[in-house]
Amino acid sequence: MSEKVVFLGMGGTIAGKAAQAGDNVGYTAGQVAVSALLDSVPGLQLALGGRAVLSEQVCQIDSKDLQHADWLALAQRVRQHLALPEVRGVVVTHGTDTLEETAYFLSRVLPPVLQQKPVVITCAMRPASSLTPDGPANMADAATVATSEGARGVLVVCAGKLHAAAHVQKVHPYRVDAFDSGEAGPLGMVEEGRLRLFNGWPAVNSEAGLVNLERLSQSDWPRVEILVSHGGAGGALVRSLLIAAPGDAPVRGIVVAGTGNGTIHKDVEAALRIARAQGVRVARVSRCAYGQVVGASTQARSGEFQAFGLSAVKARVELMLAIAADTQP
Ligand code: ASP
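Residues numbered from 1 in each chain as written. Predicted model: local features only at pLDDT ≥ 70, side-chain atom pairs only at ≥ 80, totals over all residues. Heavy atoms only, no water.

A short note on the site of the ligand
Logical step 1: By nearness alone, every residue bordering the ligand is listed as G12, T13, D62, S63, G95, T96, D97 and A124.
Logical step 2: At 2.9 Å, a side-chain N or O of T13 approaches an oxygen atom of the ligand.
Logical step 3: D97 places a side-chain nitrogen or oxygen 2.7 Å from a nitrogen atom of the ligand.
Logical step 4: Across the complex, the protein chains shield 93% of the 260 Å² of accessible surface that the ligand would expose by itself.
Logical step 5: Looking at the shell around the ligand residue by residue, the classes come out as one nonpolar, five polar and two charged. (Near = heavy atom within 4 Å. Polar contact = N/O pair within 3.5 Å; in protein donor to acceptor, adjacent residues only side chain to side chain. Areas by Shrake-Rupley, 256 points an atom, 1.4 Å probe, with all protein chains shown as cover. Nonpolar A, V, L, I, M, F, W, Y, C, P; charged D, E, K, R; others polar.)

And the structure:
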């Protein structure tokens, strides 16, 4: 049976089109089908080592508008493909804006046994119609990674760098090299069609896949909101979250991007204690660009809000999945 690499399209700038080829900003994301994007990748066959390609459009969106249902659709398609023995790995073309959340989500919901194969998410900062699109090279690099010896887990490839889902973050609104892995650094580089891995593949989280995707598809996802603690902050925002407007789901969790080591303005903290007393789960992270809450553990000490060693957007995914898992029968 010949091996295959599956390309799943989610939309994004990589599939974007502008009226003028010179316009790298005024374009519409999610216009070009992933099958057409594949035709624009020079050297794809070489990168794939002659393996067959299968492509499928999962959705066609600007990833700033991503919905939970899009995550679910993607996770289900990835899971189905990875389970096939002939599939070597999956490449996902995705918008850059929420790519790190999608990567983290997949790394938490795909069962560890399936994550023994690679899911490589790639993107572009210039639309497909650009005079100098970066998408084709990123797709070729993603193909190289997906077919590299030992590749596993949820990975991100952009601008020649390979990142792990746990650490990757978009750090620039325009630069082609828009992603960074902070203090952890990238896992490796793709150079001239070859992967140079610095320290081996990241370990797959053995607790991944605890949330049942079928259950998630049948129920409403728990509503988890993010707020930032800052100078002059007050409790009004938290108090307003506790009153669900007609048609809105009640809030089940709040992630606070705290100052420094995850500290929270005393007035916000007082309001959060009221929220917690009403059954809302509260998690705190650091709003600092580097590092994480020191002393972060999934178990809060008595009276403390639980701290996550994650960015606020990834902590939101984590808390949402934790609440969903707790309420699953
Ligand atoms: N707004 C676009 C998206 O996330 C940006 C991009 O892909 O670079 O879909």
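Quick word on unusual backbone geometry
Logical step 1: Phi at A159 is positive, roughly 55 degrees, even though this residue is not glycine.
Logical step 2: A positive phi angle, near 50 degrees, is found at E192, a position not held by glycine.
Logical step 3: Relative to the assigned elements, E192 resides in the loop between β11 (188-191) and β12 (194-197).
Logical step 4: Taking relative accessible area as the criterion, E192 reaches 82% and is therefore assigned exposed. (Helix = DSSP H or I, 4+ residues; strand = E, 2+ residues; numbered from the N terminus. Buried < 20%, exposed > 50% of the residue type's maximum accessible area, 1.4 Å probe, protein only.)

Overview of helix α9 (residues 312-327)
Logical step 1: For α9, which comprises 16 residues, the first-to-last C-alpha distance of 22 Å matches the rise-based estimate of 22 Å (1.5 Å per residue) to within 8%.
Logical step 2: By the burial criterion, the buried members of α9 are A312, K314, A315, R316, V317, E318, L319, M320, L321, I323 and A324.
Logical step 3: At its buried positions, α9 is contacted by α3 (68-82), α4 (99-109), α6 (213-218), β13 (223-228), β14 (251-258) and β15 (281-286). (Expected span 1.5 Å × (residues − 1). Contact = heavy atoms within 4.5 Å.)

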